[in-house]
2 protein chains.
Amino acid sequence: MVNIAILGFGVVGSGTAEVLTENKKLIEAKLGTSINIKYILDLREFPDSPFGHLVIHDFNTILQDEEVSIVAEMMGGAHPAYDFSKAALEAKKNVVTSNKEVVATFGVELLEIAKKNNVRYMFEASVGGGIPIIRPIQNDLASNSIKSVSGILNGTTNYILTKMASEGADFSDVLAQAQKKGYAEANPTADIEGLDTARKIVILAALSYGKLLNPSHIYVEGITKITGEDFSIASKFGYSIKLIGYSKSFGDKILAMVSPRLVRFDNPLHNINDVFNGILIDADMLGEVMFYGRGAGKLPTASSVVSDIIDIIDAKKYNSKALGWTSASDSDMADFEKYSCRRMFIFDGNKSDVVSVFEGHRTGEFKEFGNKVAFISDELSEFEAKSKASACSAKLVSMLRLL
Amino acid sequence: MVNIAILGFGVVGSGTAEVLTENKKLIEAKLGTSINIKYILDLREFPDSPFGHLVIHDFNTILQDEEVSIVAEMMGGAHPAYDFSKAALEAKKNVVTSNKEVVATFGVELLEIAKKNNVRYMFEASVGGGIPIIRPIQNDLASNSIKSVSGILNGTTNYILTKMASEGADFSDVLAQAQKKGYAEANPTADIEGLDTARKIVILAALSYGKLLNPSHIYVEGITKITGEDFSIASKFGYSIKLIGYSKSFGDKILAMVSPRLVRFDNPLHNINDVFNGILIDADMLGEVMFYGRGAGKLPTASSVVSDIIDIIDAKKYNSKALGWTSASDSDMADFEKYSCRRMFIFDGNKSDVVSVFEGHRTGEFKEFGNKVAFISDELSEFEAKSKASACSAKLVSMLRLL
C-alpha cells in the first residue's frame, strides 16, 4: 500500500482526492498495489467532505510519518509550499505539485534535493493543466533537439481574447464578463499581465534546454492594451491575436518571452479558443507537434497530479530520467533586443509617411482603414522595429509580433 | 554500450539510423550510455550509404548475437516481420516497431511473449508517426477511464480530402495528383479504403480498453465515394469531411469503426489538414485532449522509434507498466447496427417526400441545393438510418455520419 498526503484542499487538492477515489479500481489494477490518502493538510476544517476526517493542521505529522511516501503539494503561492516541499524531499518523500510558481522559482534547488535523496519532484500539472506536456517533452521527444516552443498557456486570457475577437468587444468589458463567469479572478493581474504565462514558459524552456530562467528577467507583455481595432485589422490580414509564451534556442543562448502575437489562420494554434490551451513544439526530427486540451479546471489538473503519482509508484525506484536543471545566468539569455520577427504595424496618419519609412520592409500591401494605415513588416529586430516606428511621422497605434 | 539491430533499411529504417547518428550526443548524454547500431538487416546492399558496411542478410546473425539487446523492426508487411519479432523476443531481445500491421494482428501474442521473457515490445511509431500517442495514453492518461478516441490517422486520405475541400476537385483527380507528389502510393487501396486507419484504431482501442479487436471484423468505409457535392453541402452546414478512426466503450463492449465523418468547425479535428494527423481523446477526468503532428515521414516516424529505444534503455529493467492485451471475442464488440449518431443526408427528389419521412428526426432546416434536399438528422442508429432512407421515395445520394 502506498500512502499519500495532500497539502492544500482547494480546487486541485480536492480534485486529486476525487480522481484517486473515483478511479481507484482502475488505477490500482494498473499498478498492482493499493493507494491510500492518509492525510490532508489544510488550515480549514471540512466537516461536510467525505475526506473531512483526514484533515490535519500540522505539517510535521506528515513529515514524521514514515508510511507517507508521496506528498502532493497543491497549496499555491510560494510559501509555505516551497518550504514544505523542500522538507518533504529532504525526508526522502516524493513530491508532486501543480504549483508553477514554486517550480519556476525554486525548481533547480528542489530537483537537486530530490536527486540527492533518491526521490522525485514532479510537476506535470504545473503547465497546461490536464494536457500531458512535461512527460512527453521529457520522454517522447528525447531523441530530438527542440527548436522552439510556442504556447497558449493561460485559459483566462485566451477566453478574453476569444471573446474580443468574436464579439468585437473591448478588453475591460470582456474582463468584467469573465470575472462574472468565474473565468477570471477578482484580481486578474497575474493572468492579464502575462506573469502566469511567464512562469509556465520558463518551465517549458527548462525542460527543453536544461536551464531555468528567472521569470522576472524575461520580456513579458500582457493583453491589456489590445483593442477591438487590433483584432479587426489583424483578421483582414488573416491573423488572430493570442497571448503566446515563446521560447527558442540560439546556439547556447535561450530566449523566453511572453507577448500577444498574431497567429496565422493555418497555424495549429490559430483555432485554440476559449479556456483551452495549446502547446506547439518544433523539434529537429519530429517537426511540429501540438498538444491541446483544458489548461485548467479541477479534474483535468488533478488528473495530471495523479499521473505523476502513478509514475512514481510504477517506477518504484529512482528514475534515471530525473531532470537536472541549472539556473540560467544572464549570459545564458539571448539578447531580446536582437530578436527578429515579422510584425503588424498600425499607424494613425498619412500613408505616404508610413510608406517612406517602411517601403523596403513590408511583406504585403499597405492597407488603409479610415485614417489608419496598417501593414505586415518583414523580419525586424526589437531594436529596428522601435527605431523605425519612431522615425515615422505618423503616430504608432499598435505594433504586434507575428508568431 | 547498447547494441541495436535495425531490420529493414527502407524509409523508417534509414531514418532511425539517421536520428541515432544525428542526435547521438544529445541522446547519449540523456541516457549516460553509448548506443551502437551493430547490424542492419536488408535483402539489398547499400554501397553508397554511410551505414552500408553494417548491412547483413541473415537474421540468425542478429538472433545469435548476445550483444544485441534491442531489435528495431521496420520491414513492413506481416511476414517475416512478425516471425523475426517473435524470435527476437523469445531470445530475450527488446523489440520496437513501426509496423502497425504486425501490432494490430499479432499484438496480443507478441506482448505476451515479451512479458514472459522479461523484455518489451514497443510500437509508438505504429500510430500517428511522429506524434507521441501510445506512451501518453499509457502513462499520462493512466488515472482516466477513456470514453472515446477519434483520430485522423492517415495522411494520404487527409491530404486528398483537404484538396477536395479546398479545390472542389473530384476524388480521382486529387488521387492522381497525390500519387504524382508521392503522398499516395501507386496502389493506394490500404489508405483510401480505410484499412490503414482500421489497423491504427484497433491499436488505440486496445490501449484504451485492453482488448485487441480484429481490424477485419470492424466496420470500415473508405473515402472513394465522397463527392465534391458532399463537401460543398457539408460546408453550408458548418462541417468539414474527414476520414475518422473512432472507438468508444459501451459498458464492457467496445466499438471501433472507420468512416468518413462530418466534423464541425469548432471541433479541434476540423482544422487538421493535409498530411497531418490528429488524435482526440475524451477521458473521464481530463476531458478532451488532442495530439497533433506529422503522421508519417522518415524522420518524424524514426523519432518515435528512437523514443521507444530510449525508453527501454532508460528503464533498464522490465517495466511493470508493460501492456497486457487480450484478443477481443465477438461478444466484446458493440453491435454496430445499434450505434447511434447524427448524420447529414442528401436526397435527390421532392422536398416534401423527404420531409414526410424525416420531419421528426432533423436538428436543422431542410435545405435545397438545385434538385437536392439536404439536412442534418438527430441521433439515429445504423439500422434506423438505413430503414428511414429506404422508406423515402426520394433517391438517397449521400449519408455521412457526424462526429
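All values reported here derive from a predicted model rather than from experimental measurement.

Student: When you look at the pairing of strand E13 (residues 287–294) of chain A in this model, what are you seeing that I'm missing?
Tutor: Sheet faces and side chains relate simply in a regular strand, where the side chains alternate between the two faces. Residues and elements named next belong to chain A. Within E13, six of the eight residues are buried, which leaves the element mostly enclosed by the surrounding structure. Sheet topology places strand E12 (residues 276–283) next to E13; eight bridges connect them, and they run antiparallel. Of the residues in E13, the one forming a bridge with Gly278 is Tyr292.

Student: Can you help me understand the sheet that holds strand E1 (residues 2–7) of chain B in this one?
Tutor: Backbone hydrogen bonds are what pair the strands of a sheet, in a parallel or an antiparallel way. All names here are of chain B. Strand order across the open sheet formed by six strands is E3-E2-E1-E4-E5-E6, with parallel pairing between neighbours. Both outer strands of the open sheet, strand E3 (55–56) and strand E6 (121–122), are each paired with one neighbouring strand and no more. Where strand E4 (residues 68–73) meets strand E5 (residues 94–97), four bridges bridge the pair, whose relative direction is parallel. Across the sheet, residue Glu73 finds its bridge partner in E5, namely Thr97.

Student: What should I look at first to understand the domain arrangement of chain A in this one?
Tutor: Much of the literature gives interface size as the accessible area that the parts lose upon coming together. What the domain assignment lists for chain A is domain 1 (2–129 + 298–326), domain 2 (138–292) and domain 3 (337–402). Computed from C-alpha coordinates alone, the two centres of domain 1 of chain A and domain 3 of chain A are separated by 49 Å.

Student: Please explain the side chain of Asp311 of chain B as it appears in this structure.
Tutor: On the secondary structure map, Asp311 of chain B appears in helix H12 (residues 298–315). Polar contacts involving the side chain of Asp311 of chain B include one to the side chain of Arg135 of chain B, which spans 2.6 Å.

Student: Even after reading the chapter, I still don't get the interface of chain B and chain A, so can you show me in this structure?
Tutor: Counting residues at the interface gives 44 residues for chain B, matched by 44 residues for chain A. For the chain B and chain A pair, buried surface summed over both sides reaches about 3700 Å², with 55% attributable to carbon and sulfur atoms. Between chain B and chain A we count two salt bridges in total. Arg135 of chain A serves as the salt-bridge partner of Asp140 of chain B, at 2.7 Å between the closest nitrogen and oxygen.

Student: Where do I start with the relation of the copies chain B and chain A in this structure?
Tutor: Put simply, the two copies of the chain differ by a rotation about an axis and a shift along that axis. Superposition of chain B onto chain A requires a rotation of 180° combined with a translation of 0.0 Å along the rotation axis, giving an RMSD of 0.0 Å. In the structure described here, the two chain copies are related by an operation that fits a two-fold rotation axis. In terms of proximity to the rotation axis, the leading residue of chain B is Phe291 of chain B, whose C-alpha is 2.5 Å off the axis. Of the interface residues in chain B, 100% have counterparts in chain A that sit at the interface too, so the contact is made through matching surfaces.

Student: So what exactly am I meant to see when it comes to the packing of aromatic side chains here?
Tutor: The geometry of two aromatic rings is summed up by the distance between their centres and the angle between their planes. Using the criterion set out here, one finds 33 aromatic pairs over all chains in the structure. Summarising the aromatic geometry, the rings of Tyr246 of chain A and Tyr339 of chain A are spaced 5.8 Å apart at their centres and angled 45° between planes, so their arrangement reads as tilted. You can see Tyr246 of chain A sitting in strand E10 (residues 239–250) and its partner Tyr339 of chain A sitting in the loop between strand E14 (326–327) and strand E15 (340–341), a full 93 residues away along the chain. Neither residue differs from the other here; Tyr246 of chain A and Tyr339 of chain A are each classed as buried. In this structure an aromatic cluster arises from ring pairing among Phe345, Phe347, Phe358, Phe366 and Phe375 of chain A. In this structure, Arg261 of chain B packs its charged tip against the face of Tyr246 of chain B, placed 4.7 Å from the ring centre.

Student: Looking at this model, I keep getting lost on helix H10 (residues 195–209) of chain A. Mind explaining?
Tutor: Note that an α-helix has 3.6 residues per turn; residues three or four places apart therefore point the same way. The first and last C-alpha atoms of H10 of chain A sit 21 Å apart over 15 residues, in line with the 21 Å expected at 1.5 Å per residue. The buried fraction of H10 of chain A is high, at 14 of 15 residues.

Student: Which parts of the structure should I look at to understand the pattern of salt bridges?
Tutor: Side-chain pairs of opposite charge can arise where the charged atoms are in close proximity. Residue and element names in this part refer to chain B. Going through the model one piece at a time under the given rule, you end up with 48 salt bridges over all chains. Across the pair Lys86 and Glu109 runs a salt bridge, and its minimum N-O distance is 2.9 Å. Separated by 23 residues along the polypeptide, Lys86 in helix H4 (residues 81–90) and Glu109 in helix H5 (residues 100–116) bring together distant segments of the chain. Residue Lys86 is classed as partly exposed on the basis of its relative accessible area of 24%. For Glu109, a relative accessible area of 27% corresponds to the partly exposed category.

Student: When you look at the sheet that holds strand E3 (residues 55–56) of chain A in this model, what are you seeing that I'm missing?
Tutor: Residues and elements named next belong to chain A. Spatial ordering of the open sheet is given by E3-E2-E1-E4-E5-E6, a layout of six strands whose pairing is parallel. Here the strands that pair on one side only, and so sit at the sheet edges, are E3 and strand E6 (121–122). As judged from the six bridges shared by strand E1 (residues 2–7) and strand E2 (residues 35–41), these two strands associate in the parallel manner. Bridge assignment links Ile4 to a residue of E2, and that residue is Ile37.

Quick notes on the rules
- Residues numbered from 1 in each chain as written.
- Chains lettered and ligands numbered in written order.
- Predicted model: local features only at pLDDT ≥ 70, side-chain atom pairs only at ≥ 80, totals over all residues.
- Heavy atoms only, no water.
- Buried < 20%, exposed > 50% of the residue type's maximum accessible area, 1.4 Å probe, protein only.
- Helix = DSSP H or I, 4+ residues; strand = E, 2+ residues; numbered from the N terminus.
- Pairing = 2+ DSSP bridges.
- Domains from an automatic or database assignment.
- Polar contact = N/O pair within 3.5 Å; in protein donor to acceptor, adjacent residues only side chain to side chain.
- Contact = heavy atoms within 4.5 Å.
- Buried area = accessible area lost by both parts, 1.4 Å probe.
- Salt bridge = Lys/Arg side-chain N within 4 Å of Asp/Glu carboxyl O.
- Least-squares fit on C-alpha atoms with pLDDT ≥ 70 in both.
- Phe/Tyr/Trp six-rings, centres within 6.5 Å; stacked < 30°, edge-to-face > 60°.
- Lys NZ or Arg CZ within 6 Å of the ring centre and 35° of its normal.
- Expected span 1.5 Å × (residues − 1).

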